[in-house]
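Spelled out from the first residue to the last, the chains are:
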Amino acid sequence: QDLSQGWPIPTATDIAFALGVLALVGRGLPPQFRALLLAIAVIDDLIAILIIAAFFTTDLLPLPLLLAIPCVLLFGWLSYRYRKRNRNRGLIIASLVLLGTTTWVLVFLSGVHATIAGVALGLIMADATASRTRHAIEPWSNVIILPLFALIAALVPVPTVGITELSPAFWGVLVALPLGKLIGITAGGVIAIRLSTRGNPNARMPVPDIIAVAALGGIGFTVSLLMNELAFESQEEVANEVTLAVILASVIAAVIGATLTTLRARHYRKVPISAS
């Protein structure tokens, strides 16, 4: 069995679940803690989406992709024209929905994974309009979409083989998400922060905070499951094993991350942030 195509599965960080854990146990943390977690999650997911576009695209059709470009540009232009007091805001919203749907269909027909359409539309959307959209969608997403996705994803057949007969892909993902992300993000974060604050050591984020953020970064889930489906589309047994590995690894990362975050939150509640 060729398992090499599964290498990008641990790349992603699930923004919603990571931030959800942070919201539950992170009371009292400084704002830069959440900002770092959000930045890492966004960068991880962008990298994952680019990997999907580059490595999981087959039979590319240029024409639909070219037709999607003006739809994306018009979507961005209209998003900047949306104003709360604009009398035409209903028409603008309808146009944005139509353009977004059209872009998704065209990207799908081009052979590129349709997730790229969402990334392109999100990047070009006006900040104010994107913020209003997020606030409108987020409650429904958190209450209905994410739990439904989690339920469907959890309905995976438990492998009937013994623990020693599980695929190497299972063990690779199980280790890479909670442990690999913890080591990689911590090392990268420490290096980046030291380089960016070379002249002002007092502005550096404490290493224990970076470690806690890195642990939360191991919650892969949604995008990791998506890449698993793409990577092992023709190997159902391996795909089922890796799905189980992603779920287990994300739970392990969530427990470790929640524990470390709780400890850091207690530290900040005892010591004023300005004095730490």
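As a starting point, this report considers the structure included with it. Every chain's residues receive numbers from 1 upward, in the order its sequence appears when written. Under the rules for a predicted model, residues below a pLDDT of 70 receive no local features and side-chain atom pairs below 80 are neither given nor counted, while totals for whole chains, interfaces and linings still include all residues. By convention in this description, side-chain values take in all heavy atoms of the structure and omit both hydrogens and water.

Let's talk about the packing of helix H7 (residues 168–196) against helix H8 (residues 207–216)
Two packed helices can be described by the angle between their axes and the distance between those axes.
Line of reasoning, step 1. Interhelical geometry of H7 versus H8 gives an angle of 140° and a closest axis separation of 8 Å. By the angle class used here, H7 and H8 are oblique. For the pair H7 and H8, the sense of crossing is right-handed. Contacts between H7 and H8 involve Lys 181, Leu 182, Ile 185, Thr 186, Gly 189, Val 190 and Ile 193 on the former and, on the latter, Val 207, Ile 210, Ile 211, Ala 214 and Ala 215.
Line of reasoning, step 2. Residue polarity is assigned by list, with Asp, Glu, Lys and Arg as charged and Ala, Val, Leu, Ile, Met, Phe, Trp, Tyr, Cys and Pro as nonpolar; anything else, Gly included, falls into the polar class. For the contact of H7 with H8, the residue count by class is nine nonpolar, two polar and one charged. Note on geometry: axes are lines fitted to C-alpha atoms, helical ones only across the stretch in contact, with angles between N-to-C directions running from 0 to 180 degrees. What counts as a helix is a DSSP run of H or I of at least four residues, what counts as a strand is a run of E of at least two, and both are numbered from the N terminus. By the definition adopted for this analysis, an angle is roughly parallel if under 35 degrees, roughly antiparallel if over 145, roughly perpendicular if from 65 to 115, and oblique otherwise. Handedness of a crossing is defined here by the sense of rotation of the near helix relative to the far one, left-handed for an anticlockwise turn of less than a right angle and right-handed for a clockwise turn. Here a residue-residue contact requires only that any non-hydrogen atoms of the pair lie within 4.5 Å.

Focus: H7
Because each turn of an α-helix spans 3.6 residues, side chains separated by three or four positions in sequence point in the same direction.
Line of reasoning, step 1. Bend is computed residue by residue as the angle between axes fitted to the seven residues ending at the residue and the seven residues starting at it. Largest kink in H7: about 45°, centred on Ala 176, with the proline Pro 178 one to four residues after it.
Line of reasoning, step 2. Of all the positions in H7, only Ala 169, Phe 170, Val 173, Leu 174, Leu 177, Pro 178, Lys 181, Ile 185, Thr 186, Gly 189, Val 190 and Ile 193 are classed as buried.
Line of reasoning, step 3. Tucked inside the fold, the buried residues of H7 contact helix H2 (31–55), H8, helix H9 (222–231) and helix H10 (236–270).
Line of reasoning, step 4. Under this definition, polar contacts are N or O atom pairs within 3.5 Å; protein pairs additionally need one hydrogen-donor-capable and one acceptor-capable atom, and for neighbouring residues in sequence, both atoms have to be side-chain atoms. The distance from a side-chain oxygen at the start of H7 to the backbone nitrogen of Ala 169 is 3.1 Å, and the residue carrying that oxygen is Ser 167. Three labels apply to residues, based on accessible area from a 1.4 Å probe with only protein chains included: buried if under 20% of the type maximum, exposed if over 50%, partly exposed otherwise in between.

Topic: the environment of Ala 192
Line of reasoning, step 1. Looking at where Ala 192 falls in the secondary structure, it is placed in helix H7.
Line of reasoning, step 2. For Ala 192, a relative accessible area of 42% corresponds to the partly exposed category.
Line of reasoning, step 3. Considering only alpha carbons, one finds Ala 192 and Ile 163, 29 residues apart in sequence, at a separation of 39 Å.

Overview of the environment of Val 97
Line of reasoning, step 1. Of note, Val 97 is situated in helix H4 (residues 89–110).
Line of reasoning, step 2. The exposed category is assigned to Val 97, whose relative accessible area is 51%.

Remarks on the pattern of salt bridges
Line of reasoning, step 1. Any carboxyl oxygen of Asp or Glu within 4 Å of a side-chain nitrogen of Lys or Arg constitutes a salt bridge here. The tally for this structure, following the rule as stated, stands at two salt bridges.
Line of reasoning, step 2. Notably, a salt bridge pairs Asp 44 with Lys 181, separated by 3.5 Å at the nearest N-O pair. One end of the pair, Asp 44, is in helix H2; the other, Lys 181, is in helix H7, with 137 residues separating them in the sequence. The exposure classification of Asp 44 matches that of Lys 181, with both residues buried.
Line of reasoning, step 3. One salt bridge in this structure joins Arg 264 and Asp 209, with 2.5 Å as the shortest N-O distance. With a gap of 55 residues between them, Arg 264 in helix H10 and Asp 209 in helix H8 connect regions that are remote in the sequence.
Line of reasoning, step 4. By relative accessible area, Asp 209 is classed as buried at 0%.

What to know about a nonpolar patch on the surface
Line of reasoning, step 1. Patches were defined on residues exceeding 30% relative accessible area and lacking a salt bridge, with like-charge contacts within 9 Å and nonpolar side-chain contacts (Val, Leu, Ile, Met, Phe, Trp, Tyr) within 5 Å. We get accessible surface area from the Shrake-Rupley algorithm with a probe of 1.4 Å; when it comes to residues, only the shown protein chains can shield them. Taken together, the side chains of Leu 38, Val 42, Leu 46 and Leu 123 present a nonpolar region at the surface, about 310 Å² in accessible area.
Line of reasoning, step 2. When residues in the nonpolar patch are grouped by element, the largest group, three residues, is from H2.
Line of reasoning, step 3. Within the secondary structure, Leu 123 sits in helix H5 (residues 115–124).
Line of reasoning, step 4. Looking at Leu 123, the relative accessible area reads 63%, which means it is exposed.

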